[in-house]
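Take a look at the letters that make up each chain.
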Amino acid sequence: MGVYMFADVVLNEFSRNIDRILTYRVPDDIKNLKIGSRVLVPVNKSFVEGYAINLSEKIEIPIEKVKPIMRVLDDFTVFDEKLLNLAIWMRDYYKCNLSESLQCIIPSGIKNGIKKVKKVTLNKGYLDDASITPRQFEILNYLKDNGTVLLSDLVKDLNISYSTVNSLARKGIICVYYDEVNRLKMSDYKKTDKLIPTKEQEFVINEVKHSIGRNVFEKYLLFGVTGSGKTEVYLQLIEKCIEEGKESIVLVPEISLTPQTIERFISRFGNLVAVLHSGLSDGERFDEWRRIKNGEVKVVVGVRNAIFAPFSNIGLIIIDEEHENTYKQSDFKPKYNVKEVAEKRCEIEKAVLLLGSATPQIESYYKALRNEYKLLKLKERIGLELPEVDVVNMSRELADGNNSIFSRKLYKEIRENLMKGEQTILFLNRRGYSSFVMCRDCGYVPECPNCDISLTFHANESKLRCHYCGYNINTVYVCPKCGSRRVRYLGIGTERVEKEVKKLFPRSRVLRMDIDTTKTKGAHEKIFNEFKNGNADILIGTQMISKGFDIPNVTLVGVILADVTLNIPDFRSGERTFQLLTQVAGRAGRGSKPGRVIIQTYEEDNYSIISAKNQDYESFYKEEIRYRETYMYPPFTHLLNIVVSGPIKNDVVTCAASVYNLIYKTINKSVKKSYNKVLGPSSAPIERIKNNYRWQIIIKSSERAILQDVCDVLNTLKFHKGIKISFDLDPLNLI
Ligand code: ADP
Ligand code: ZN
Ligand code: ZN
């Protein structure tokens, strides 16, 4: 192996539009530099952190122009060449900087470093020394009883001084040394054995196992109804990987929402599993990262960013509930979709990608039907029937004189369930008490002064709140505009449902789970356990309760108003509604008793509702894909959502217009034959958030490459007057 003299270093700078990659000399005294080393390098008159991404023996530039690397910061690398290639692919695919995509890979806790503590132990074969003092004798006995201990514990327990310990160490009887510690406590777990697979499961397991054994890059979509045993399939495939000496990554949408699922991984594989969740401190996260990198872990279960786990021999990547929005990073750059990143990582690693869902994303099913993914199906619920689903038309209820938020049918079923001692879940995808307040006489609606959106009424605290910026005022009983006392609360939220339930069923025990009741740490688990242990009869919640709950005594699920998600102005709202309804319905009847589901709606003829009632994904897909093709939405096009925002409306509008012109030129220059359509510029659905005006341009194109060209142009633009331009390629959310 030759001696590398030079290294290309990408600087870790965020304020820039374009990466700086500079070449440095490797001085003689630096021996441990590798690709993936974190280094400190001189730039102008200061030092900047960066990462070595390329090593070479010679360079084109004159050597006296090349400055030396100052220092290597860690005794381990923060990425290997395969992860570097993944980051480079992300840079090109999502049009971000390399330093930004590398930032996804590097553990956030790296600055905390390795935690070391002083430990004390008896030296092997130490000689009894007559000269030791009684205090020192106590130390000897303590160590004989307790083995290796923390120095701090020893000092505290025996109430002795450090110098007493040190003098004993100087005699060679004991040893005091630094040791690395893991900040994470290993939890106890009950070991579970694997289940004997059903015929359907066995077919799926064998098919995927075969690919794992052949070391080939393969992509599967596992379409299995809720409760069909997908998780057991995952577990047995991971076991296969462990047998083959390979590693697995399992992505779940949100850890806190799926405690039961996580438990199943831990109880099967014990300490071979690392769970990466948002509750870890930076230090704990870094310690887990080290455990993974050192090969102590074979399975990582986590949310989106667990895809970057520092494994080096991956056999399988599973994405459970692959249709979930949380798999896309929408808030900041790089705005990556982890399904695509996982696919790329599997290609690099020659591994198997397995996407699982009861309601696959339209794009995924489309790919499966075109053989881009191999389609696997689990059609039967294990040992259970699918629940019976009823749809109730709420206009008819009103016409019949029932203006309660509960239809007669749902009311009757809740009552019966209470009498039988069985549990009920009531779902409504909107929190708060009412979605807005309106004066009956003049039509005045209180709005947020910072955002163009009406304030939501929260009865418990008697406040009107903005759900975008948190602005709040005391609730109004008198219209501030016309002085009328006839102020009405319109549109229901979970808080209102809770109040109505308590009114109608005063003796029922009710819990509510939404953002407002789960703000404190551990609140989510607490509510979940209360309900699971039967300490409540009715659980009311938003989409938080739609997945992962496997509670045998839940026999009734009521959807208070399906229209809430249906009416969101986004081309995916039909799909989201179908997914949510199917997921929530899947919570019913998971025990020995059959389940019932009641969906309340004003739009009983909508195909999302009809397909959810019939639990018929295929017919939903057929309608939805036709709609997507007619209006040229994904998977028939790619979208690019551009938002121009700033504090002064005129500047934003002017800037949006000039961006539009640039886009037009870029698209027209393209020689490819393609479908392109530019929508806008127009005000975004919420025109102002936190006092920033927002204008939007949406481009639809059959060629993703054209949209990438547009992104390149956007990245070169300079901003002024506080204006920001952000873009999202293949967005999941257009609001
Ligand atoms: P999904 O992930 O598709 O919703 P799960 O894996 O949670 O389904 O399985 C549903 C239920 O069936 C769980 O309680 C699970 O323990 C049980 N189960 C799964 N596979 C088997 C099997 N082969 N034999 C017996 N029970 C099984
Ligand atoms: Zn009024
Ligand atoms: Zn606001």
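On a predicted model such as this, the values are computed, not experimentally measured, just so you know.

Asker: Which parts of the structure should I look at to understand the pattern of salt bridges?
Answerer: Pairing between side chains of opposite charge can happen when their charged atoms approach one another. All told, the structure shown has 44 salt bridges when counted by the stated rule. The residue glutamate 413 makes a salt bridge to arginine 596 at a minimum N-O spacing of 2.5 Å. In this pair, glutamate 413 is assigned in helix α13 (residues 408–420) and arginine 596 in strand β26 (residues 596–601), connecting sequence segments 183 residues apart. Of the two residues, glutamate 413 and arginine 596, both sit in the buried class. Several salt bridges converge on common partners, so that one network encompasses Glu363, Arg572, Glu575, Glu624 and Arg628.

Asker: Help me understand the packing of helix α11 (residues 362–369) against helix α19 (residues 617–630) in this model?
Answerer: Geometrically, a packed helix pair is captured by the angle between its two axes and the distance between the axes. Contact pair α11 / α19: the axes reach a minimum separation of 11 Å and the direction vectors enclose 100 degrees. Classified by the angle their axes make, α11 and α19 are roughly perpendicular. Contacts between α11 and α19 pair Ile362, Glu363, Tyr365, Tyr366 and Leu369 from the former with Tyr617, Glu618, Phe620, Tyr621, Glu624, Ile625 and Arg628 from the latter. Along the lines of polarity and charge, the residues of the contact of α11 with α19 split into eight nonpolar, no polar and four charged.

Asker: What's the story with the site of ligand 1 in this structure? I'm lost.
Answerer: Of all residues adjacent to ligand 1, which total 17 residues, the nearest are Ile196, Gln201, Gly227, Thr231 and Arg264. In this structure, glycine 229 approaches ligand 1 through a main-chain N or O atom, which is 3.0 Å from an oxygen atom. Between an oxygen atom of ligand 1 and a side-chain N or O atom of threonine 231, the distance comes to 2.8 Å. For ligand 1, the protein covers 74% of the area, taking 560 Å² as the surface of the free molecule. Put simply, ligand 1 lies in the second largest pocket. Considering each element in turn, the shell around ligand 1 owes the most residues, three residues, to helix α7 (residues 230–243). Class assignment for the residues of the shell around ligand 1 results in five nonpolar, seven polar and five charged.

Asker: How should the sheet that holds β26 be read in this particular structure?
Answerer: What links the strands of a sheet is backbone hydrogen bonding, and the strands pair in either a parallel or an antiparallel sense. Taking strand neighbours across the sheet as the criterion, the six strands line up as β16-β26-β25-β17-β24-β23 in an open arrangement whose pairing is parallel. Among the strands making up the open sheet, the edge pair consists of β16 (388–393) and β23 (510–513). Shown here is a sheet whose adjacent strand axes are inclined to one another by a mean of 15 degrees, direction ignored. As judged from the six bridges shared by β16 and β26, these two strands associate in the parallel manner. If you follow valine 391 over to β26, its bridge partner there is isoleucine 599.

Asker: It is not clear to me how the coordination of the zinc ion (ligand 2) should be interpreted in this structure. Could you clarify?
Answerer: Put simply, a metal with four donors set out as a tetrahedron has ideal angles of 109.5 degrees, and one with six donors set out as an octahedron has ideal angles of 90 or 180 degrees. Distances from the zinc ion (ligand 2) to its protein donors, Cys439 (SG), Cys442 (SG), Cys479 (SG) and Cys482 (SG), fall within 2.2 to 2.4 Å. Around the zinc ion (ligand 2) sit four donor atoms; with metal-centred angles ranging over 106 to 112 degrees, the donor geometry is tetrahedral. Counting residues between consecutive donors of the zinc ion (ligand 2) along the chain gives the motif C-x2-C-x36-C-x2-C. Note that cysteine 442 is positioned in the loop between β18 (434–439) and β19 (456–458) and cysteine 479 in the loop between β21 (472–474) and β22 (487–492), a separation of 37 residues in sequence. Judged by its relative accessible area of 3%, cysteine 479 is buried.

Asker: Teacher, can you tell me more about the nonpolar core here?
Answerer: Buried together is how nonpolar side chains tend to be arranged in soluble globular proteins. In this structure, Leu33, Ile69, Phe79 and Leu102 are the most contacted members of the largest nonpolar core, which totals 103 residues. Looking at this core element by element, the count peaks at seven residues for helix α1 (residues 81–94). In this structure, isoleucine 69 is in contact with Ala7, Val9, Tyr24, Arg25, Val26, Pro27, Ile30, Leu33, Val39, Leu40 and Val41, ignoring residues within four places of it in sequence. Counting residues in each nonpolar core, the second largest holds 29 residues, with Ile238, Val273, Leu316 and Val352 among its members.

Scoring rules and cut-offs
Residues numbered from 1 in each chain as written. Chains lettered and ligands numbered in written order. Predicted model: local features only at pLDDT ≥ 70, side-chain atom pairs only at ≥ 80, totals over all residues. Heavy atoms only, no water. Salt bridge = Lys/Arg side-chain N within 4 Å of Asp/Glu carboxyl O. Helix = DSSP H or I, 4+ residues; strand = E, 2+ residues; numbered from the N terminus. Buried < 20%, exposed > 50% of the residue type's maximum accessible area, 1.4 Å probe, protein only. Axes fitted to C-alpha atoms, helices over the stretch in contact; angles between N-to-C directions. Parallel < 35°, antiparallel > 145°, perpendicular 65-115°, else oblique. Contact = heavy atoms within 4.5 Å. Nonpolar A, V, L, I, M, F, W, Y, C, P; charged D, E, K, R; others polar. Near = heavy atom within 4 Å. Polar contact = N/O pair within 3.5 Å; in protein donor to acceptor, adjacent residues only side chain to side chain. Areas by Shrake-Rupley, 256 points an atom, 1.4 Å probe, with all protein chains shown as cover. 1 Å grid on protein atoms, 1.4 Å probe; cavity = no way out; pocket = protein on both sides within 12 Å on 5 of 7 lines; lining within 4 Å. Sits in = over half its atoms within 2 Å of the grid points. Pairing = 2+ DSSP bridges. Donors = N, O, S within 2.8 Å, 3.2 Å for Na, K, Ca; no water. Tetrahedral: all angles 85-135°; square planar, octahedral: opposite > 155°, others 65-115°. Core = buried A, V, L, I, M, F, W, Y, C linked by side-chain atoms within 4.5 Å.

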